[in-house]
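Spelled out from the first residue to the last, the chains are:
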Amino acid sequence: MSIYVGNLSYEVTQEDLTSVFAEHGSVKRVQLPTDRETGRPRGFAFVEMGTEAEETAAIEALDGAEWMGRDLKVNKAKPKEDRSGSFGGGGDRRGGGGGGYNRGRY
């Protein structure tokens, strides 16, 4: 399991996050997603700690804490949703799916 860290400053680095979370246990991995176009951080990260107890301690200590001028949102990360089926199977925002008859009416 990993920890979601939101409302991060855009100046934050992986080293910054590792340092802050290391105060609460061993940090196994830090993921800091970046914007594809600008290359700058997207304002959130995922942190994996050594044990569940360390994760809990970090969440309790850091959720709502002010860091780098922002109030952190820290909680257990939700599993990534499988989005592979979201584009298939018919249907669209206009309702219905399928057919093709009178398709040009929209």
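An account of the accompanying structure is given in this report. Keep in mind that this is a model prediction, so the values were computed, not measured.

## Describing the overall build of the protein
A count of helical and extended segments in the protein gives two helices and six strands. Taking all 106 residues of the protein together, 25% fall into the buried category. In the protein, 59% of the contacts between residues at least 6 apart in sequence involve partners at least 24 apart. When the accessible area of the protein is evaluated, it comes to approximately 7,700 Å², of which 45% is carbon and sulfur surface.

## Side note on the side chain of S9
With respect to the helices and strands, the residue S9 is situated in the loop between β1 (3-6) and α1 (14-22). For S9, a relative accessible area of 9% translates into the label buried. At a separation of 3.1 Å, a polar atom in the side chain of S9 contacts the main-chain amide nitrogen of E11. Among residues more than four places away in sequence, those in contact with S9 are M68 and R70.

## Quick look at α1
Those residues of α1 that fall on the buried side of the exposure criterion are L17, V20 and F21. Summarising the axial view, the buried residues of α1 lie within an arc of 90 degrees, below the 170-degree limit, and thus occupy one face.

## With respect to the layout of surface pockets
Estimated volume of the largest pocket: approximately 390 Å³. Taken together, 10 residues make up the lining of the largest pocket; nearest its centre are F46, K78, P79, K80 and E81. For the lining of the largest pocket, the class distribution of residues is four nonpolar, one polar and five charged.

## Some thoughts on the pattern of salt bridges
All told, the structure shown has three salt bridges when counted by the stated rule. Ionic pairing is found between E48 and R29, a salt bridge with its closest N-O pair at 2.9 Å. Residue E48 is located in strand β3 (residues 44-49), and its partner R29 is located in strand β2 (residues 27-31); the two are separated by 19 residues in the primary sequence. The exposure class of E48 is partly exposed, given its relative accessible area of 22%.

About the thresholds
Note on numbering: residues in each chain are counted from 1, in written sequence order. Per-residue local features of the predicted model are confined to residues with pLDDT of at least 70, and side-chain atom pairs are confined, for both listing and counting, to 80 or more; whole-chain, interface and lining totals are unaffected and use all residues. Side-chain metrics in this entry use all non-hydrogen atoms of the structure; hydrogen atoms and water are not considered. Secondary structure elements follow DSSP: runs of H or I of four or more residues count as helices, runs of E of two or more count as strands, with numbering from the N terminus. For the exposure calls, accessible area comes from a 1.4 Å probe over protein chains only, and a residue counts as buried if that area is under 20% of its type's maximum, exposed if over 50%, partly exposed in between. Residue contacts are counted whenever heavy atoms from the two residues lie within 4.5 Å of one another. Every accessible area reported is derived by Shrake-Rupley at a probe size of 1.4 Å, with residue values counting cover from the shown protein chains alone. In the analysis that follows, any N or O atom pair within 3.5 Å is treated as a polar contact, provided that within protein one partner can donate a hydrogen and the other can accept it, and provided that, for residues neighboring in sequence, both atoms belong to side chains. What the arc describes is the spread of directions from the helix axis to the C-beta atoms. For cavity detection a 1 Å grid was placed over the protein atoms alone, and a set of points counts as a cavity when a 1.4 Å probe fits there but cannot get out; an open set counts as a pocket when protein lies on both sides within 12 Å along at least five of seven lines, with lining residues being those that have an atom within 4 Å of a point. Grid points are joined across faces, edges and corners, and a volume is the space filled by probe spheres set on the points. Polar here means any residue other than Ala, Val, Leu, Ile, Met, Phe, Trp, Tyr, Cys and Pro, which are nonpolar, and Asp, Glu, Lys and Arg, which are charged; Gly is therefore polar. A pairing counts as a salt bridge when a side-chain nitrogen of Lys or Arg comes within 4 Å of a carboxyl oxygen of Asp or Glu.

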